[in-house]
Amino acid sequence: MPVRYFKYDKPFRLENGETLHDLTIAYHTFGKYREDNAVWVCHALTANSDVADWWPHTVETGRFLDPAKYFTVCANIIGSHYGSTGPLSLNPATGKPYYAAFPFITVRDMVAAHLLLAEHLGINHARAVIGSSIGGFQAMEMAIMKPEFVDRLALIATAARSQPWAIAFNESQRMAIEADATFGMENEDAGKKGMRVSRSIGLLSYRGEPAYNATQQENDSIYKLVGFRATTYQQYQGDKLCRRFNAYSYYRLTQAFDSHNVGRYRGGIESALGTITCPTIVVGITSDIIFPIGEQIFLYRHIPNAKLHILSSQFGHDGFLVEYEKLNDILKPFLEEEIRS
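Residues numbered from 1 in each chain as written. Predicted model: local features only at pLDDT ≥ 70, side-chain atom pairs only at ≥ 80, totals over all residues. Heavy atoms only, no water.

Colleague: Lay out the overall build of the chain with the relevant residues and their values.
Modeller: What the chain contains, in helices and strands, is twelve helices and twelve strands. Taken over the C-alpha trace, the chain has a radius of gyration of 20 Å; the compact-globule value for 341 residues is 20 Å, and the two agree within 12%. Overall size of the chain, expressed as C-alpha extent along the three principal axes, is 65 × 55 × 40 Å. Taking all 341 residues of the chain together, the buried fraction comes to 55%. Long-range contacts, defined as pairs at least 24 residues apart, comprise 74% of the intrachain contacts of the chain with a sequence gap of at least 6. Per element, the accessible surface of the chain, about 14700 Å² overall, is 54% carbon and sulfur. Counting 33 positive and 36 negative side-chain charges, the chain places the averaged centre of each group 1 Å from the other. (Helix = DSSP H or I, 4+ residues; strand = E, 2+ residues; numbered from the N terminus. Rg over C-alpha atoms; globule rule 2.2 N^0.38 Å. Buried < 20%, exposed > 50% of the residue type's maximum accessible area, 1.4 Å probe, protein only. Contact = heavy atoms within 4.5 Å. Areas by Shrake-Rupley, 256 points an atom, 1.4 Å probe, with all protein chains shown as cover. Lys, Arg positive; Asp, Glu negative; His and termini not counted. Charge placed at Lys NZ, Arg CZ, Asp CG, Glu CD.)

Set out below in structure tokens:
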């Protein structure tokens, strides 16, 4: 399906008090809309709005995003590189791209923009809102900011707030970008060498020791001294991100990730989670080191109508992308069941 664009013609006020005077949201839809079949998917950090592109074997017949059953919507988050307003967008005040001048944004800003899109599309409520990682941050915020919009909530490999461990990984990535002397220049390729290193750092947290030892093991020679698989894998992943993303977006999105705290200005985390009354499914991944299982247990204990599923995987945080068969077994019946009042 082709990407579509929603342009909001009014000033969009950010949580920090600044204003975006030109707001565009890129989005994809799959299936045909009915009053009771909209599923809103919130994407992770560097993904785009094309769910079928980054979440394999989900938008398919018999899967939990079956286009014959559901009208799936995924919108690109503001600050990203995939069509929504971000650092490479034109700043109306200067007539040039924002670059480093793009303002600080929060997850709540992302959700506020997407709720405008939902209104534009005529979607008054979603049968389910699904999010993994920072997508889970968005899904939680959506259920708190506009509870009548969310009939069901699926939170996968995520948490109620960003903890110091995750923030430290993000800061290390930003430090790598800052060490690139080109970062700060008014050029869309600025900071890319730094982002290459940044992605290598981030990938360690996304996968973890079990995944690396299983997939990057040396099997060809016990006498190898250089040219290890893990070495080339890190380089490949850094190069891959540099081909499809920009450092200014990566920098701002990691900052938005750090700012996540559902309890901010709401009387604390427990109080905020207590307002989520819709049926909720929380999925944790056994080897996730960014959001360990304890984070999902916390969500389960403080969201009133929640169920907990622990997904066994050696692929760490990225298990939500890799273990699509196991996720389908969890999410498909959750979307299909009727809500009892």
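Colleague: Can you break down the packing of helix α4 (residues 164–178) against helix α5 (residues 192–207) residue by residue, with the values?
Modeller: Direction vectors running N to C along α4 and α5 enclose 165 degrees, while the axes themselves pass 7 Å from each other. Put simply, α4 runs roughly antiparallel to α5. Of the two elements, α4 crosses α5, and the hand of that crossing is right-handed. Residues F169, S172, Q173, A176 and I177 of α4 lie in contact with α5, whose contacting residues are G194, M195, V197, S198, R199, I201, G202, S205 and Y206. Among the residues forming the contact of α4 with α5, the class breakdown is seven nonpolar, six polar and one charged. (Axes fitted to C-alpha atoms, helices over the stretch in contact; angles between N-to-C directions. Parallel < 35°, antiparallel > 145°, perpendicular 65-115°, else oblique. Left-handed = near helix turned anticlockwise from the far one by under 90°. Nonpolar A, V, L, I, M, F, W, Y, C, P; charged D, E, K, R; others polar.)

Colleague: Lay out the environment of T275 in plain terms, naming residues and giving numbers.
Modeller: Here T275 lies in the loop between α9 (269–273) and β11 (280–285). Along the sequence, T275 and H302 sit 27 residues apart, while their C-alpha atoms lie 9.5 Å from each other. A polar contact is formed between the side chain of T275 and the backbone oxygen of A272, at a distance of 2.6 Å. (Polar contact = N/O pair within 3.5 Å; in protein donor to acceptor, adjacent residues only side chain to side chain.)

Colleague: So what's going on with the state of the cysteines? Residues and values would help.
Modeller: Here the structure, examined in full by the defined rule, presents zero disulfides. The structure places no disulfide on C74, whose sulfur is separated from the nearest cysteine sulfur, that of C42, by 7.4 Å. (Disulfide = S-S within 2.5 Å.)

Colleague: Outline helix α8 (residues 247–259), listing residues and values.
Modeller: When the terminal C-alpha atoms of α8 are compared, their 19 Å separation across 13 residues agrees well with the 18 Å that a helix rising 1.5 Å per residue should span. Burial of α8 is extensive: 13 of the 13 residues sit out of reach of the surface. Residue N246 occupies the N-cap position of α8, its side-chain oxygen lying 2.9 Å from the main-chain nitrogen of Y248. (Expected span 1.5 Å × (residues − 1).)

Colleague: Give me the lowdown on unusual backbone geometry, citing residues and values where you can.
Modeller: As a rule of thumb, non-glycine residues mostly have phi less than zero, and peptide bonds are mostly trans rather than cis. A positive phi is found at A157, a non-glycine position, where the angle reads about 50 degrees. Mapping A157 onto the fold places it in the loop between β10 (153–156) and α4. Positive phi values are uncommon outside glycine, yet Y265 reaches one of about 60 degrees. Counting through the fold element by element, Y265 comes out in the loop between α8 and α9.

Colleague: Explain the layout of surface pockets residue by residue, including any values.
Modeller: What the largest pocket holds in volume is close to 680 Å³. Along the wall of the largest pocket there are 30 residues; nearest its centre are T46, R199, R244, D318 and L321. Listing elements by their share of the lining of the largest pocket, those giving two or more residues are α1 (51–54), α4, α5, α7 (229–244) and α11 (319–322). The class makeup of the residues in the lining of the largest pocket is 16 nonpolar, eight polar and six charged. (1 Å grid on protein atoms, 1.4 Å probe; cavity = no way out; pocket = protein on both sides within 12 Å on 5 of 7 lines; lining within 4 Å. Points joined across faces, edges and corners; volume = space filled by probe spheres on them.)

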